[in-house]
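# Commentary on secondary and tertiary structure
Each chain is listed here by its residues.
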Amino acid sequence: MAKVPVQFTLNGEEKAEFVESGATLLKVLRHKLGDTSPKGGCHQGACGACSVIIDGELKLSCLTLAETCEGAAVETTAGLAADGVMHPLQRAFVDEFAAQCGFCTPGMIMAAKALLDQTPNPTREDVVEAISGNICRCTGYEPIIRAVLTAARANSQNAA
Ligand code: FES
Ligand code: FES
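Residues numbered from 1 in each chain as written. Chains lettered and ligands numbered in written order. Predicted model: local features only at pLDDT ≥ 70, side-chain atom pairs only at ≥ 80, totals over all residues. Heavy atoms only, no water.

An unreviewed UniProt entry lists the chain under the name Ferredoxin, with Kumtagia ephedrae given as the organism.

If you want it as structure tokens, here you go:
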């Protein structure tokens, strides 16, 4: 398979790679760049486990070709903690017991981050809508919704 060059930032770090033409961003992140935080669930756009943020927008990395990310800023949960301190969303997911098996958690957190980046004080309905593309097979959606609202409150208190 032909290889094509692509450059983008991953959690603020410059990456320059030759990737197989047609390779998904999910595959490149996990198998080439060693960032296993986006998970491969359905590989067809139905579960949200592979969610990442690209240039501020929530995207499914299983449906995104790596070669289309030229010049983009890609964010994953692996880049959220700073200096060993969890991001408020990660802290809230722990405090609210929102990670059960944990498989959907990185995708949920990226969906929540995309929401809070745009809407710092979301309603419960906003949160439900924001995570509607993310399936939790453990079905514990209530703690997840609580965690996102808790993180939003923590963010607004920190900003005050
Ligand atoms: S693995 Fe991408 S949506 Fe399921
Ligand atoms: S915590 Fe298990 S799939 Fe969501």
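## Let's talk about the domain arrangement of the chain
The domains assigned to the chain are domain 1 (3-79) and domain 2 (88-159). Spacing between the C-alpha centres of domain 1 and domain 2 amounts to 21 Å. Between domain 1 and domain 2, the residue contacts involve 16 residues of the former and 15 residues of the latter. Together, the buried faces of domain 1 and domain 2 total about 1200 Å²; carbon and sulfur atoms form 63% of this surface. Linking domain 1 with domain 2 are one salt bridge. The residue Lys113 makes a salt bridge to Glu75 at a minimum N-O spacing of 3.0 Å. If you look at where domain 1 meets domain 2, you find three residue pairs in polar contact (both at pLDDT 80 or more). (Domains from an automatic or database assignment. Contact = heavy atoms within 4.5 Å. Buried area = accessible area lost by both parts, 1.4 Å probe. Salt bridge = Lys/Arg side-chain N within 4 Å of Asp/Glu carboxyl O. Polar contact = N/O pair within 3.5 Å; in protein donor to acceptor, adjacent residues only side chain to side chain.)

## Topic: the packing of helix α3 (residues 105-118) against helix α5 (residues 141-159)
Viewed as axis vectors pointing N to C, α3 and α5 meet at an angle of 40°, and their least axial separation amounts to 11 Å. It follows from the interaxial angle that α3 and α5 lie oblique. In this structure, α3 crosses over α5, and the sense of that crossing is right-handed. Residues Met108, Ala112, Leu115 and Leu116 of α3 lie in contact with α5, whose contacting residues are Tyr141, Ile144, Val148, Ala151, Ala152 and Asn155. Of the residues belonging to the contact of α3 with α5, the class tally is nine nonpolar, one polar and no charged. (Axes fitted to C-alpha atoms, helices over the stretch in contact; angles between N-to-C directions. Helix = DSSP H or I, 4+ residues; strand = E, 2+ residues; numbered from the N terminus. Parallel < 35°, antiparallel > 145°, perpendicular 65-115°, else oblique. Left-handed = near helix turned anticlockwise from the far one by under 90°. Nonpolar A, V, L, I, M, F, W, Y, C, P; charged D, E, K, R; others polar.)

## Re the sheet that holds strand β4 (residues 57-60)
Read across the sheet, five strands follow the order β2-β1-β5-β3-β4 without closing on themselves; strand pairing throughout is mixed. The sheet is open, and its two borders are formed by β2 (13-20) and β4, each paired with just one other strand. Neighbour to neighbour, the strand axes of the sheet diverge by 40° on average, direction disregarded. The pairing of strand β3 (residues 51-54) with strand β5 (residues 73-75) spans two bridges and is antiparallel. (Pairing = 2+ DSSP bridges.)

## A look at the nonpolar core
Soluble, globular proteins show a tendency: their nonpolar side chains are buried together. Residues Leu89, Phe93, Met108, Leu116, Ile144 and Val148 are the most contacted members of the largest nonpolar core, which totals 25 residues. Looking at this core, the elements with two or more residues in it are α2 (88-95), α3, α4 (124-130) and α5. Broken down by element, this core gets its largest block of residues, eight residues, from α3. Beyond its immediate sequence surroundings of up to four residues, Leu116 is in contact with Leu89, Pro122, Val148, Ala151, Ala152 and Asn155. Within the second largest apolar cluster, 15 residues are counted, among which are Ala23, Ile54, Cys69 and Ala72. (Core = buried A, V, L, I, M, F, W, Y, C linked by side-chain atoms within 4.5 Å. Buried < 20%, exposed > 50% of the residue type's maximum accessible area, 1.4 Å probe, protein only.)

## Describing the pattern of salt bridges
This model, assessed by the stated rule, comprises seven salt bridges. A salt bridge links Asp117 to Lys113; the nearest nitrogen and oxygen atoms lie 2.9 Å apart. Highlighted residues: Asp117 and Lys113, both in helix α3, separated by four residues, approximately one helical turn. The class of Asp117 is partly exposed, set by a relative accessible area of 46%. Residue Arg124 is joined to Glu142 by a salt bridge in which the shortest nitrogen-to-oxygen separation is 2.7 Å.

## Some details on unusual backbone geometry
Negative phi is the rule for most residues except glycine; trans is the rule for most peptide bonds. Positive phi values are uncommon outside glycine, yet His43 reaches one of about 60°. Topologically, His43 is positioned in the loop between α1 (25-32) and β3. Of note, the phi angle at Asp55 is positive, near 50°, even though the residue is not glycine. A residue is classified by how much of its surface remains accessible, and Asp55, at 51% relative accessible area, is exposed.

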